[in-house]
Amino acid sequence: MIYIPSIDNSDTRSIKDLRSEQYRLQKQADKLLSQIDLKDIFSKYGKVSEIGGSYSYGLMVYPDIDIEIINNIVTKDNASKLLKDIASKSYVRKVSFVDNVNHVSTVKGRPKGYWFGIEIPFEKDKWGIDCWIQQPDWIDESIGNPNIIDSTYINRLKTLPQESKDIILLIKYELIIRKLYGSKFNSINVYDAVLKDNVKTIDQFLTLYERI
């Protein structure tokens, strides 16, 4: 996660507003990727996943895209070449890089792999693209980690009733307003709270995590 917008406390949005923004962000993500060649660059380094994360669940509250690249053999040399290819593009403003293969992750729950955080200004938004390049065996090592979302959990998120989606959108939005999203809490915390603990409001969410 490389960029989270700052939202003023006075910018109060209804669930109708958040649904509309969610829809707009999904459409803008499609438009962005259709106008740049980033996925073509990624494909030179392995199999490129479909867009994942909040885009695929219909739970977007800010301009962020998650993409994975899978290759049977991934080296730091290849990761460095990919970094250079990304940075060379005129539409890329900034690239961050993390080696979670040769170094222990400083962020709890991050998988083994090389991470690229790409910032791309596009129309009215500043987009953050989170990209991981991994080997299949590194992904297997993450199975069972409670901070990593598995396929069963993903299917649950994709089939949530609208009421649950609305709750998640509202909690995410409130966390951004309070500057707690990305610093103290992330998406998995919100998903867990709603799916596992039946949390329905931001106050219930904060109370839950005060007890943990």
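Residues numbered from 1 in each chain as written. Predicted model: local features only at pLDDT ≥ 70, side-chain atom pairs only at ≥ 80, totals over all residues. Heavy atoms only, no water.

Draft legend 1. Geometry of the overall build of the chain. The number of helices and strands found in the chain is nine helices and five strands. Starting at the N terminus and walking to the C terminus, you meet the elements of the chain as α-α-β-α-β-α-β-β-β-α-α-α-α-α. Its C-alpha atoms give the chain a radius of gyration of 17 Å, within 12% of the compact-globule value 17 Å for 212 residues. If you line up the chain on its principal axes, its C-alpha atoms span 45 × 40 × 30 Å. Among the 212 residues that make up the chain, the fraction classed as buried is 45%. (Helix = DSSP H or I, 4+ residues; strand = E, 2+ residues; numbered from the N terminus. Rg over C-alpha atoms; globule rule 2.2 N^0.38 Å. Buried < 20%, exposed > 50% of the residue type's maximum accessible area, 1.4 Å probe, protein only.)

Draft legend 2. Examining the pairing of strand 5 (residues 125-134) more closely. With nine of 10 residues buried, strand 5 is to be regarded as a mostly interior element. Relative to strand 5, strand 4 (residues 114-122) is paired through nine bridges, and the arrangement is antiparallel. Within strand 5, the position partnered with Pro121 by the bridge is Lys126. (Pairing = 2+ DSSP bridges.)

Draft legend 3. Local environment of the pairing of strand 2 (residues 64-70). Where strand 1 (residues 47-48) and strand 2 come together, two bridges link them in antiparallel fashion. From the neighbouring strand, Val48 faces strand 2, where its bridge partner is Ile69. Summarising the sheet, strand 2 and strand 5 pair through seven bridges and their orientation is parallel. The residue bridging Glu68 from the neighbouring strand is Trp132, located in strand 5.

Draft legend 4. Layout of the packing of helix 1 (residues 15-35) against helix 7 (residues 162-177). Between helix 1 and helix 7, the least distance of the axes is 10 Å, while the angle of their chain directions is 90°. When the axes of helix 1 and helix 7 are compared, the pair comes out roughly perpendicular. Together, Ile15, Leu18, Arg19 and Gln22 of helix 1 and Gln162, Asp166, Leu169, Leu170 and Tyr173 of helix 7 make up the contact between the two elements. In the contact of helix 1 with helix 7, the residues fall into five nonpolar, two polar and two charged. (Axes fitted to C-alpha atoms, helices over the stretch in contact; angles between N-to-C directions. Parallel < 35°, antiparallel > 145°, perpendicular 65-115°, else oblique. Contact = heavy atoms within 4.5 Å. Nonpolar A, V, L, I, M, F, W, Y, C, P; charged D, E, K, R; others polar.)

Draft legend 5. Inspection of unusual backbone geometry at higher detail. Phi angles above zero are rare outside glycine, and Glu123 is one such case at about 55°. Considering the arrangement of structural elements, one finds Glu123 in the loop between strand 4 and strand 5. Unlike most non-glycine residues, Asn198 shows phi in positive territory, near 60°.

Draft legend 6. Structural view of the confidence of the model for the chain. On average, the chain scores 91 in pLDDT, and the residues at 70 or more come to 92%. Mean pLDDT across the elements of the chain bottoms out in helix 5 (residues 136-141) (86) and peaks in helix 4 (residues 76-87) (98). (pLDDT = per-residue confidence, 0-100.)

Draft legend 7. Summary view of the pattern of salt bridges. Evaluation of the coordinates by the stated rule reveals 12 salt bridges. Here Lys31 makes a salt bridge to Glu123, at a shortest N to O gap of 2.7 Å. With Lys31 in helix 1 and Glu123 in the loop between strand 4 and strand 5, this residue pair connects regions lying 92 residues apart in the sequence. Since its relative accessible area comes to 32%, Lys31 is described here as partly exposed. A salt bridge links Lys81 to Asp77, with the shortest nitrogen-to-oxygen separation between them at 3.5 Å. A residue pair is termed a helical-turn pair when its members lie 3 or 4 positions apart in one helix, as Lys81 and Asp77 do in helix 4 at four residues. Here Lys81 falls in the partly exposed class, since its relative accessible area comes to 44%. Accessibility expressed as a relative area gives 47% for Asp77, which makes it partly exposed. Look at the salt bridges and you will find they share partners, linking Glu21, Arg24 and Asp125 into a network. (Salt bridge = Lys/Arg side-chain N within 4 Å of Asp/Glu carboxyl O.)

Draft legend 8. Here's a closer look at the environment of Pro121. Along the chain, the position of Pro121 falls in strand 4. Taking relative accessible area as the criterion, Pro121 reaches 45% and is therefore assigned partly exposed. Residues Pro121 and Tyr91, 30 residues apart in the sequence, show an inter-C-alpha distance of 7.3 Å. Beyond its immediate chain neighbours, meaning those up to four positions away, Pro121 contacts Tyr91, Arg93 and Lys126.

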